[in-house]
Every structure is written in structure tokens, then in C-alpha cells.
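# A look at the structure
One letter stands for each residue in the lines below.
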Amino acid sequence: MVHFVGAGPGAVDLITVRGMRLLQEADVIIYAGSLVNPELLQYAKKDCQIFNSATMTLEEVIHKIEEAEKEGKTTVRLHTGDPAIYGAIQEQIDELKKREISFDVCPGVSSLFGAASSLQMEYTLPGVSQTVIISRGEGRTPVPEKEKLSLLASHQATMVLFLSCAFPEKIKEELLQGGYQEDTPLAVVYRATWQDEKIVRTTIGAFPEDLREHNISKTALIIVGEVLEGDYERSKLYDPIFTTEFRKGTGE
Ligand code: SAH
């Protein structure tokens with residue numbers, strides 16, 4: 001049996017209760033060493049075999065899983081954040097299916113949400129934006145033509161960009177092409193929820209320079225949009241006038 005587990009964004013206690021239990025029971029752990037907090041490995045059994053996938057290919061990962069399966073062992077494949085976001089789990093799932101190896105997926109707290117908690121903000125403010133666009137700039141991995149940042153930016157919704165801090169000038173250019181203004185608020189959260197987390201609150205126009213100044217080129221999210229300003233309408237849900245399924249409003 002293989003369990004894909006989301007390790008959370010960084011802080012050790014942001015793994016789920018289920019994820020922690022699976023980690024404690026695993027015979028084999030294959031963890032994404034570039035981003036998963038190694039302190040999580042302290043919870044493994046004494047005789048657990050631990051491998052860092054940062055130096056492995058897909059074939060090597062699958063081979064380790066196959067070896068474990070032959071011995072009737074349980075494997076945890078530990079991914080950073082939530083495995084469904086840029087986690088490369090689909091290709092592993094497909095290999096396991098081909099081999100008829102059973103697996104399940106345990107979700108995790110994505111850095112998408114780790115960053116929002118660090119910024120103490122809401123991505124979906126009434127009257128500002130009711131949509132979050134999760135995407136990335138085009139680096140070595142191509143992005144489909146219809147998903148170019150300039151096209152996505154034209155919605156002026158809240159945007160959260162993964163894997164994009166290494167080429168900020170290009171990101172800035174595409175966001176501006178899409179119709180955002182130079183002074184649109186932008187925040188960068190480096191290593192959200194880790195001890196050495198850094199938050200940079202700036203604008204689209206100024207952020208490439210700010211990133212250079214703070215020496216940030218990886219493990220960071222770029223959050224863009226007017227939601228960072230916090231000028232919004234109150235929610236209907238908690239408005240005294242508004243009637244909901246659970247509460248009668250004054251209706252005035
Ligand atoms: N599955 C992960 C994302 C993996 S892709 C998740 O759900 O968070 C790796 C990218 O995620 C990094 O380049 C960075 O953009 C982002 N990332 C991962 N952990 C982060 C953290 N703690 N703080 C900020 N960004 C992070």
C-alpha cells in the first residue's frame with residue numbers, strides 16, 4: 001500500500017492528523033527533500049527506510065515502491081504542501097495503476113493557504129474579487145498558450161503564482177500586459193510558515209527590485225490583487241439585515 005501524503009507548507013505541525021498517523025506507521029518514506037521539512041522525519045518508526053526523492057528519477061521512486069511492495073511494506077510518498085498542486089503525483093499514480101499497486105491520497109495544507117495565513121488575509125473579498133487564479137509563469141515547464149499570465153491577468157482577480165520568483169521581470173511584464181497597473185498591490189511570501197519566513201509587501205512595478213534586495217529567487221509565492229489592500233464590502237452571511245438558512249435577518 002502506498003499513501004501519497006501532503007506534508008503541509010513547512011511548519012511541522014501543519015501536517016494533517018491523518019498524515020501524521022500515516023507517517024508514524026510507514027515502513028518506507030520517500031520524501032521530496034527540496035521542500036518538505038526534514039523535522040517531520042523524526043516521527044518515522046526507528047526501522048523505517050527513508051529516501052530523499054530530490055536526487056531520484058520517477059523510475060527510481062517507482063522502483064523503491066515496488067521493492068517495498070514485494071516485502072509487504074507500507075510506503076508514504078511525502079509531498080510538500082498539497083500533492084495536487086504542482087506535485088507531479090499523476091505520473092506516479094499512473095505507474096502504480098499499471099502495476100496494480102494500491103494507493104490513496106491524504107491532502108495537505110498547500111503553501112497557497114500557508115501564505116494567506118502568514119499575510120493574515122482573505123483571497124476572496126466581496127466587491128473586490130471572488131476568484132483565485134492559481135498559476136505559474138512559464139519557466140522550463142511550458143504553460144498552455146491559453147493560460148499565458150497576460151490572459152489570466154486580464155480578469156484582475158486574485159492571483160497566486162507558484163514557481164515564478166526566478167524571473168520577476170517577465171512576470172511583471174505579463175501582469176502589466178494583462179491590464180494590471182504598476183501600483184497594483186503584490187506580496188511575496190518566502191518560505192511561508194517556516195522559521196525563516198519573509199514577507200515582502202510591494203507593488204507589481206517595484207517587486208522585481210524588492211526580490212533582488214531580499215535575495216528571494218525560490219520557495220516563494222507571488223500574490224497579486226486589490227484584495228491585498230483590504231477595501232471591501234461586508235459579507236452578506238454575517239450582515240444583520242440578511243436572512244440565511246440558519247438566521248433570520250431584520251430585512252431593513
Ligand atoms: N504542492 C506544493 C507546491 C509545490 S511546487 C504546495 O501545495 O504548496 C513548489 C513551489 O511551491 C515553490 O517554488 C514555491 O512557489 C511554492 N512553495 C512551496 N512551499 C512554499 C512555502 N512554504 N512558502 C512559499 N512558497 C512555497
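Our structure's up above, just so we're on the same page.
The rules behind these values
- Residues numbered from 1 in each chain as written.
- Predicted model: local features only at pLDDT ≥ 70, side-chain atom pairs only at ≥ 80, totals over all residues.
- Heavy atoms only, no water.
- Near = heavy atom within 4 Å.
- Polar contact = N/O pair within 3.5 Å; in protein donor to acceptor, adjacent residues only side chain to side chain.
- Areas by Shrake-Rupley, 256 points an atom, 1.4 Å probe, with all protein chains shown as cover.
- Nonpolar A, V, L, I, M, F, W, Y, C, P; charged D, E, K, R; others polar.
- Domains from an automatic or database assignment.
- Salt bridge = Lys/Arg side-chain N within 4 Å of Asp/Glu carboxyl O.
- Helix = DSSP H or I, 4+ residues; strand = E, 2+ residues; numbered from the N terminus.
- Buried < 20%, exposed > 50% of the residue type's maximum accessible area, 1.4 Å probe, protein only.

### A look at the site of the ligand
Lining the immediate environment of the ligand, one finds 18 residues, of which Ile 85, Ser 110, Ser 111, Ala 192 and Ala 220 sit closest. The backbone of Pro 9 places a nitrogen or oxygen atom 2.9 Å from a nitrogen atom of the ligand. A distance of 2.8 Å separates a nitrogen atom of the ligand from a polar atom in the backbone of Ala 192. Protein chains shield 94% of the accessible area of the ligand, which is 540 Å² for the free molecule. Classifying every residue of the shell around the ligand by side-chain character gives eleven nonpolar, five polar and two charged. Shared between two domains, the shell around the ligand holds at least three residues of each, these being domain 1 (2-106) and domain 2 (111-228).

### Examining the pattern of salt bridges
Once the charged atoms of two side chains with opposite charge are near each other, the side chains can pair. Going through the model one piece at a time under the given rule, you end up with twelve salt bridges. Between Glu 138 and Lys 148 there is a salt bridge, with the nearest N and O atoms lying 3.2 Å from each other. On the criterion of sequence distance, the pair formed by Glu 138 in the loop between β6 (132-136) and α5 (149-153) and Lys 148 in the loop between β6 and α5 is long-range, its members being ten residues apart. Note that Arg 212 is salt-bridged to Glu 169, the shortest N-O span being 3.5 Å. Highlighted residues: Arg 212 in helix α7 (residues 207-213) and Glu 169 in helix α6 (residues 168-177), separated in sequence by 43 residues. For Glu 169, a relative accessible area of 42% puts it in the partly exposed group. Each of Glu 66, Glu 95, Lys 98 and Arg 99 takes part in one network of salt bridges that share partners.

Geometric values such as these leave the question of function open.
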